[in-house]
Amino acid sequence: MKRAIILLRRRAISSIPVLLIVVIFTFFLLESASGDAVDAYLGSIGGGDAALIQSLRESYGLDRSMLARLWLYLSSLARFDLGWSVAFNRPVGELIAERLPNTLLLMGSATALSFGLGSALGVLAGARPGSVRDRLLSIGSLVVYAIPSFWLGLVLSITFSVKLRWFPIAGIETIASGKTGFARALDIFDHLVLPVGALAMIYLALFLRVMRSGMAEAWKLDFVLFARAKGLSRSRIVLRHVARNALLPLVTMLGLQSAAMLGGSVVIESVFAIPGFGRLAQEAVNGRDAPLLMGIVVTSAVLVIAVNFLVDLVYAALDPRIGASEGGV
C-alpha cells in the first residue's frame, strides 16, 4: 500500500509539467490557426460592420494580446475554471460534464470488451504457437486491425440497423421514451451494441496480437522449461506461468491505447450520432470555439493521465519489482 501511494505521488508530480506543456502547446496551436469565433459567428449571420466586429472581439476578449490571454487562461485553469464557450454561450465545464459520461460509457465498454476478449483469444493463440488455431486467429486479427473503424461502423449500421433492424441506428437512447431504471439501461445497451462493437474490434485485434506474442516469447524462458520438466499439465503452465508473464506488456498497452481509444470514440460518435465528447469537439471546431476546444483537450489529457495512474497501480500489483526502489522496499 505504501509502495502504491509513493508511486502515485511521484506520477502525480510528474504529470503537472506534462499537463502544462499540453495546455501551452494547444493554446499556441489554436492561436496559429486562421479565423476565430468572431469570424465563425459573422459567417453564420451573413457578415457585419466594423463596429460589430470590434464589439464582438472586445466581448470575447480577442482584442487582448496572445500572452495576456494565455496568462488569463492559465489563471482560470488554476481555479478549475475551463472558461466560457462562445459558440454555446455556456460554461465549458457544464458542456463537458453533460457530454463526457456518454463518451466514458462508450470507451469503458469498448475497453472492457476488447481487453477481455482480446486477451482471452490471445491466450488461445499463444497456448500452442504455430498451431492451426494460432494461425487462424493471427490472420483474423490482422484482417480486423486493417479495417478502419469508421468503415466498420458504417457496415455494422447498414447491416444490423437498416437491413435487419436489430439495433437502433443512432443516438445513446430513445428520445422522450420516458423509460426509467432497468428499462432505460436496456434501451441504452441496445443503442451501444453497434458503436461499442465497432470501437472494440480494432483494439481487440491489437490486444490479441500482443498477448499472443508475449506468450510465444514466454514459452522459451527458463522458468517455463522448468515447469514443463516438473511434469505440470499444459493448461496449468499456460494459465499460471505463461499467460501471467505475458499480461504485463498487455497492461502497458492498455494505458498507451487510452489516448487512441479516446480519439477513436470521436469517429464512432460521429458515425452513430452519439452526443458525446467527440461530437462536442466537432461542434467546437465548426464554431471555431477556442475555449471549448481547450477545455476538451485539457480534459482529455487529464483522462489519459488518470488511466495511466490506474495502469501503474495494476502494473505494480502484478510485478512487485515496480516501484520497489521508489518505496524503499
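Residues numbered from 1 in each chain as written. Predicted model: local features only at pLDDT ≥ 70, side-chain atom pairs only at ≥ 80, totals over all residues. Heavy atoms only, no water.

K.L.:
Report on the overall build of the protein chain, specifying residues and quantitative values.
P.N.:
Helices and strands together make up the secondary structure of the protein chain, namely 12 helices and 2 strands. From first element to last, N terminus to C terminus, the protein chain shows the α and β order α-α-α-α-β-β-α-α-α-α-α-α-α-α. Seen along its three principal axes, the alpha-carbon backbone of the protein chain occupies a region of about 85 × 60 × 40 Å. Once local pairs closer than 6 in sequence are excluded, the contacts in the protein chain between residues at least 24 apart make up 73%. Total accessible area on the protein chain stands at roughly 18,000 Å², and carbon and sulfur atoms take up 67% of it. (Helix = DSSP H or I, 4+ residues; strand = E, 2+ residues; numbered from the N terminus. Contact = heavy atoms within 4.5 Å. Areas by Shrake-Rupley, 256 points an atom, 1.4 Å probe, with all protein chains shown as cover.)

K.L.:
Now, about the packing of aromatic side chains: what can you tell me, with residues and values included?
P.N.:
Inspection of every chain in the model, using the stated rule, returns 3 aromatic pairs. Arranged with centres 5.8 Å apart and planes meeting at 85 degrees, the rings of F27 and F28 form a pair that is edge-to-face. By relative accessible area, which is 8% here, F27 ends up buried. Classification of F28 as partly exposed rests on a relative accessible area of 32%. (Phe/Tyr/Trp six-rings, centres within 6.5 Å; stacked < 30°, edge-to-face > 60°. Buried < 20%, exposed > 50% of the residue type's maximum accessible area, 1.4 Å probe, protein only.)

K.L.:
Please provide a residue-by-residue account of the pattern of salt bridges, values included.
P.N.:
Under the definition given, this model contains 6 salt bridges. Residue R69 pairs with E31 through a salt bridge whose shortest N-O separation is 2.7 Å. Here E31 lies in helix α1 (residues 2-32) and R69 lies in helix α4 (residues 66-78), a separation of 38 residues in the sequence. For R69, a relative accessible area of 17% translates into the label buried. When its relative accessible area of 26% is taken as the criterion, E31 is described as partly exposed. Across the pair R184 and E173 runs a salt bridge whose closest N-O atoms are separated by 2.9 Å. (Salt bridge = Lys/Arg side-chain N within 4 Å of Asp/Glu carboxyl O.)

K.L.:
Break down a positive patch on the surface for me, citing the residues and quoting the values.
P.N.:
On the surface, R128, R133, R228 and R234 cluster together into a patch of positive charge. Of note, R133 is situated in helix α6 (residues 132-145). For R133, a relative accessible area of 37% puts it in the partly exposed group. (Patch = residues over 30% accessible without salt bridge, like charges linked within 9 Å, V, L, I, M, F, W, Y side chains within 5 Å. Lys, Arg positive; Asp, Glu negative; His and termini not counted. Charge placed at Lys NZ, Arg CZ, Asp CG, Glu CD.)

K.L.:
Can you explain a nonpolar patch on the surface? Please cite residues and give values.
P.N.:
Where nonpolar side chains cluster on the molecular surface, the patch consists of F150, W151, L154, I158, V162, I169, V266 and V267 and spans about 690 Å² of accessible area. Elements supplying a minimum of two residues to the nonpolar patch: α7 (149-163) and α10 (234-271). Top element by residues in the nonpolar patch is α7. It accounts for 5 residues. According to the relative accessible area criterion, I169 is partly exposed, its value standing at 48%.

K.L.:
Describe the layout of surface pockets, naming the residues involved and giving the relevant values.
P.N.:
Empty space within the largest pocket amounts to approximately 870 Å³. Looking at the lining of the largest pocket residue by residue, the class counts come to 15 nonpolar, 8 polar and 8 charged. Residue lining of the second largest pocket: I16, L19, L20, V23, L74, L77, A78, F80, L82, V298, T299 and V302, and that is the complete set. Taken together, the elements giving at least two residues each to the lining of the second largest pocket come down to α1, α4 and α12 (290-318). (1 Å grid on protein atoms, 1.4 Å probe; cavity = no way out; pocket = protein on both sides within 12 Å on 5 of 7 lines; lining within 4 Å. Points joined across faces, edges and corners; volume = space filled by probe spheres on them. Nonpolar A, V, L, I, M, F, W, Y, C, P; charged D, E, K, R; others polar.)

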